[in-house]
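Examination of the molecular architecture
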Amino acid sequence: MTDGKLGTLDEQGRKVLFTEARTSNTWADTPVTDEELTSIWELAKWAPTSANTQPLRVLYVRPGEGRDRLLKHMADGNKPKTESAPAVAVLAVDTQFHEHIPAVFPIKPEMKDVFESNEEMRLSGGHFNAALQAGYFILAIRAHGLAAGPMTGFDKEGVDAEFFPGGRYKSTLVINIGHPGENPWFDRLPRLAHDDVVSWA
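Residues numbered from 1 in each chain as written. Predicted model: local features only at pLDDT ≥ 70, side-chain atom pairs only at ≥ 80, totals over all residues. Heavy atoms only, no water.

**A look at helix α2 (residues 34-44)**
Among the residues of α2, Leu-37, Ile-40 and Ala-44 are the ones counted as buried. Buried residues along α2 cover an arc of 50 degrees about the axis, so they all sit on one side. Those residues of α2 that are buried are in contact with β1 (56-61), β2 (87-94), α7 (119-143) and β4 (169-178). (Buried < 20%, exposed > 50% of the residue type's maximum accessible area, 1.4 Å probe, protein only. Helix = DSSP H or I, 4+ residues; strand = E, 2+ residues; numbered from the N terminus. Arc of directions from axis to C-beta. Contact = heavy atoms within 4.5 Å.)

The following block contains the structure:
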């Protein structure tokens, strides 16, 4: 970005992130490095949240003992692909995200006290903004030349007890990460037509 002018993604960039990106259901043995996983978050973190609150937390789970602990909480249809993925991210919302407000929103640090005194607003805002960040996270995976397999089919209470026993973090999404394997895609599902979604005032 120079001289106040924003750049644009070329057609290939739009394909990678949107028009040709797919949810993978099988995974190749190609490793995903720690550096790639770190870089995914370092990219995703820059996208906006309300008052810069950033309530999303990320737990990466590699194959092994941690993966075995995760698998027992996945829905049966999601277990095989979660077991075979090179990396898995468990996304969670920090229900006490407001503690960081003086650092991340220093122009109005008193917002910490506002959220502290209003649990309903804090939880509502936290879940909304964590959902936004989950979408950014998926796009960041794709931007690294990797496929994402997001899933809500898991026992959230079980995952929380297993990995977040303190109760502060609440799991929202599990995402398999890697390179597509054999026959990875389901048939492309239709999108709503423009006139079904967009109106003008």
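**Thoughts on the pattern of salt bridges**
As enumerated under the stated definition, the model contains 10 salt bridges in all. Note that Lys-15 is salt-bridged to Glu-20, the shortest N-O span being 3.9 Å. Linking Arg-168 and Glu-99 is a salt bridge whose minimum nitrogen-to-oxygen distance equals 3.1 Å. One end of the pair, Arg-168, is in the loop between α8 (156-163) and β4; the other, Glu-99, is in the loop between β2 and α5 (101-104), with 69 residues separating them in the sequence. Looking at Glu-99, the relative accessible area reads 40%, which means it is partly exposed. Each of the salt bridges in this network shares a partner with another, and the network as a whole consists of Arg-57, Asp-94, Glu-99 and Arg-168. (Salt bridge = Lys/Arg side-chain N within 4 Å of Asp/Glu carboxyl O.)

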